[in-house]
Amino acid sequence: QDYAERLRNQSMQETETVEFYTALSPDHAAYDVIALNNGELAGIYTETEWRMPMSPSARMTHKARRLYAG
């Protein structure tokens, strides 16, 4: 049972994606690794996508995939 639960947890972590918003930040590269610790967004993630509208006071949208649950 422990083995099956560990495989399930690993599978969920590998496919879990999140979306979050920040202030505009142009310092990004492909697949940046980030640590999040904000309620349910806790763990190590790799950023897979972002959008940055070019307008004053816009918010940047980030998508990331979980690498490690902390």
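This write-up is about the structure you can find in this document. Worth saying up front: this structure is predicted, and the values here are computed from it rather than measured.

**Some details on the pairing of strand 3 (residues 41–51)**
And then number 1: In the sheet, strand 2 (residues 33–38) pairs with strand 3 via 6 bridges, with the strands oriented antiparallel. Looking at the pairing, Asn 37 lines up with Ala 42 of strand 3.
And then number 2: Counted between consecutive antiparallel strands, the loop separating strand 2 from strand 3 contains 2 residues, among which Gly 39 sits at a positive phi close to 65 degrees.

**Regarding unusual backbone geometry**
And then number 1: Even without being a glycine, Ser 57 presents a positive backbone phi close to 60 degrees.
And then number 2: By the element assignment, Ser 57 lies in the loop between strand 3 and strand 4 (59–68).

**Looking at the nonpolar core**
Looking at soluble globular proteins, one finds that nonpolar side chains tend to be buried together.
And then number 1: Formed by Val 18, Phe 20, Leu 36, Tyr 45 and Ala 64, the largest nonpolar core amounts to 5 residues.
And then number 2: Filtering out sequence-adjacent residues up to four positions away, Val 18 remains in contact with Leu 41, Tyr 45, His 62, Lys 63 and Ala 64.

**Describing the packing of aromatic side chains**
And then number 1: On inspection of all chains with the given rule, the structure shows 0 aromatic pairs.
And then number 2: The cationic tip of Arg 59 hangs over the ring face of Tyr 21; the distance from NZ or CZ to the ring centre is 4.3 Å.

**Brief notes about the side chain of Glu 47**
And then number 1: Counting through the fold element by element, Glu 47 comes out in strand 3.
And then number 2: Of the side chains bearing the opposite charge, Arg 51 lies closest to the buried Glu 47, which forms no salt bridge; the N-O distance is 9.9 Å.
And then number 3: Separated by 2.3 Å, the side chains of Glu 47 and His 62 make a polar contact.
And then number 4: Once you skip the residues sitting within four places of it in the chain, Glu 47 turns out to touch His 28, Tyr 31, Asp 32, His 62, Lys 63 and Ala 64.

**A short note on the pattern of salt bridges**
Pairs can form between side chains of opposite charge whenever their charged atoms are close.
And then number 1: Counting across every chain of the model gives 2 salt bridges.
And then number 2: With a closest N to O distance of 3.9 Å, Lys 63 and Glu 19 form a salt bridge. Of this pair, Lys 63 sits in strand 4 while Glu 19 is found in strand 1 (residues 17–23), placing the two residues 44 residues apart along the sequence.
And then number 3: Looking at Lys 63, the relative accessible area reads 30%, which means it is partly exposed.
And then number 4: Judged by its relative accessible area of 37%, Glu 19 falls in the partly exposed class.

**Digging into the side chain of Arg 66**
And then number 1: If you trace the backbone, Arg 66 turns up in strand 4.
And then number 2: At 2.8 Å, the side chain of Arg 66 and the side chain of Tyr 45 are in polar contact.

Procedures and definitions
Residues numbered from 1 in each chain as written. Predicted model: local features only at pLDDT ≥ 70, side-chain atom pairs only at ≥ 80, totals over all residues. Heavy atoms only, no water. Pairing = 2+ DSSP bridges. Helix = DSSP H or I, 4+ residues; strand = E, 2+ residues; numbered from the N terminus. Core = buried A, V, L, I, M, F, W, Y, C linked by side-chain atoms within 4.5 Å. Buried < 20%, exposed > 50% of the residue type's maximum accessible area, 1.4 Å probe, protein only. Contact = heavy atoms within 4.5 Å. Phe/Tyr/Trp six-rings, centres within 6.5 Å; stacked < 30°, edge-to-face > 60°. Lys NZ or Arg CZ within 6 Å of the ring centre and 35° of its normal. Lys, Arg positive; Asp, Glu negative; His and termini not counted. Salt bridge = Lys/Arg side-chain N within 4 Å of Asp/Glu carboxyl O. Polar contact = N/O pair within 3.5 Å; in protein donor to acceptor, adjacent residues only side chain to side chain.

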